[in-house]
Amino acid sequence: MTTYRGRFAPSPTGPLHAGSLVAALASWLDARAHGGQWLVRIEDVDGPRCPPGTGELILGQLAALGLVADEPPVWQSRRGDLYQAALDRLIVSGHAYGCACTRAEIAAAAGPKARHGELIYPGTCRHGTNGRPVRAWRFRVEGSVDWQDRRLGAQSQDLETEVGDFVLKRADGLWAYQLAVVVDDAEQGITDVARGEDLADNTPRQIALQRALGLITPRYLHTPLVLAADGNKLSKQNGAAAIDLSAPALRLREAAARLGLHVSTRSEIVGEVLASAVGPWRAMAPQAPQALQAPCA
């Protein structure tokens with residue numbers, strides 16, 4: 001069996017809050033329960049949305065909670081050459097193409113069709129830009145992607161009708177999340193991704209990219225979301241407060257409880273709290289199957 005390698009990959013748009021701590025703890029526990037390695041990746045590819053110093057702040061929060069990666073953290077903002085190499089491969093293979101459309105043009109062509117507030121690209125430039133300059137690069141989707149989530153079970157998404165050809169490199173020159181995360185997971189040898197359920201519908205796009213690039217598909221586990229008092233997802237966008245680190249062991253117990261774990265220790269030592277949560281996680285969480293999904297021929 002391939003050695004388990006998991007990761008926590010926060011976007012440094014703000015400090016960790018209670019919801020992101022739950023995601024971090026779940027990924028750490030899953031790695032430890034499988035005797036594997038746990039990595040941290042700072043996903044600062046969208047630089048304008050990442051205030052200076054926030055990535056370092058997040059690493060400090062994790063350290064205070066005893067969540068220390070087994071390898072030095074990786075920063076997406078320093079990996080543009082890897083993303084360009086992957087895009088070049090996709091262009092050569094016909095899986096990616098240049099797009100000249102503006103957002104206004106896409107909205108006019110797509111009409112009322114929208115997905116979570118994002119317009120479904122109608123494929124205007126699939127066969128060329130008619131001499132117009134390329135603004136962005138898109139991935140050419142085909143059909144549906146079926147996949148198995150360790151918690152959610154069998155999943156399926158029709159990329160053509162539900163997503164459309166999605167962006168790999170934006171008009172402002174920034175790399176899109178979908179390409180960056182696929183390249184990084186492969187380059188870091190990630191075998192297992194444990195993350196919040198809000199990211200589950202990104203998974204089919206990432207699997208499609210993995211297949212186009214000939215990469216192994218990790219196993220996926222999407223955990224329940226932490227909700228705010230109004231029933232919406234707890235997030236930086238809706239003003240979630242930064243973790244109060246005056247009592248880190250208590251914060252860990254609270255996060256474990258949100259995952260449905262009973263942590264017996266009342267210790268104030270974070271290492272003891274973390275150690276006491278591994279067994280309950282191992283007993284509760286669906287175990288990772290032995291086989292990884294090989295790239296399609």
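Going by the structure above, here's the rest.
Residues numbered from 1 in each chain as written. Predicted model: local features only at pLDDT ≥ 70, side-chain atom pairs only at ≥ 80, totals over all residues. Heavy atoms only, no water.

Asks: Give a detailed account of the overall build of the chain, specifying residues and quantitative values.
Replies: Regarding its fold elements, the chain presents nine helices and 12 strands. The C-alpha atoms of the chain give a radius of gyration of 20 Å, which matches the 19 Å a tight globule of 297 residues would have. Along the first, second and third principal axes, the C-alpha set of the chain runs to 65 × 40 × 35 Å. Relative to its 297 residues, the chain shows a buried fraction of 48%. (Helix = DSSP H or I, 4+ residues; strand = E, 2+ residues; numbered from the N terminus. Rg over C-alpha atoms; globule rule 2.2 N^0.38 Å. Buried < 20%, exposed > 50% of the residue type's maximum accessible area, 1.4 Å probe, protein only.)

Asks: Quick rundown of the environment of L168? Include the residues and the values.
Replies: Counting through the fold element by element, L168 comes out in strand β10 (residues 167–169). Ignoring anything within four residues of it in the chain, the contact list for L168 reads L87, L90, A96, W137, R138, F139, W175, A176, L179 and L209. (Contact = heavy atoms within 4.5 Å.)

Asks: Any chance you could break down the pattern of salt bridges for me, citing the residues and the numbers?
Replies: In a structure, side chains of opposite charge can pair up when their charged atoms sit close to one another. In total, this model carries 20 salt bridges according to the counting rule given. In this structure, the salt-bridge partner of R5 is E71, at a minimum N-O distance of 2.8 Å. With a gap of 66 residues between them, R5 in strand β1 (residues 5–8) and E71 in the loop between α2 (54–64) and β3 (74–75) connect regions that are remote in the sequence. By relative accessible area, which is 14% here, R5 ends up buried. Here E268 and R253 are joined by a salt bridge, their closest N and O atoms 3.0 Å apart. With a gap of 15 residues between them, E268 in the loop between α8 (248–258) and α9 (270–284) and R253 in helix α8 connect regions that are remote in the sequence. Its relative accessible area of 52% is what places E268 among the exposed residues. When its relative accessible area of 10% is taken as the criterion, R253 is described as buried. The network of salt bridges with shared partners includes R7, R41, E43, R79, D184, D185 and E187. (Salt bridge = Lys/Arg side-chain N within 4 Å of Asp/Glu carboxyl O.)

Asks: How would you explain the pairing of strand β12 (residues 219–223) if you had to name every residue and give the values?
Replies: Burial of β12 is extensive: five of the five residues sit out of reach of the surface. Burial along β12 is two-sided: R219, L221 and T223 and Y220 and H222, pointing in opposite directions, are all buried. Bridging between strand β11 (residues 192–196) and β12 involves five bridges; their strand directions are parallel. Across the sheet, A194 pairs through a bridge with L221, a residue of β12. Assessed by its sense of winding, the connection that carries the chain from β11 through helix α7 (residues 203–213) to β12 is right-handed. (Pairing = 2+ DSSP bridges. Right-handed = clockwise from strand over helix to strand, strands pointing away.)

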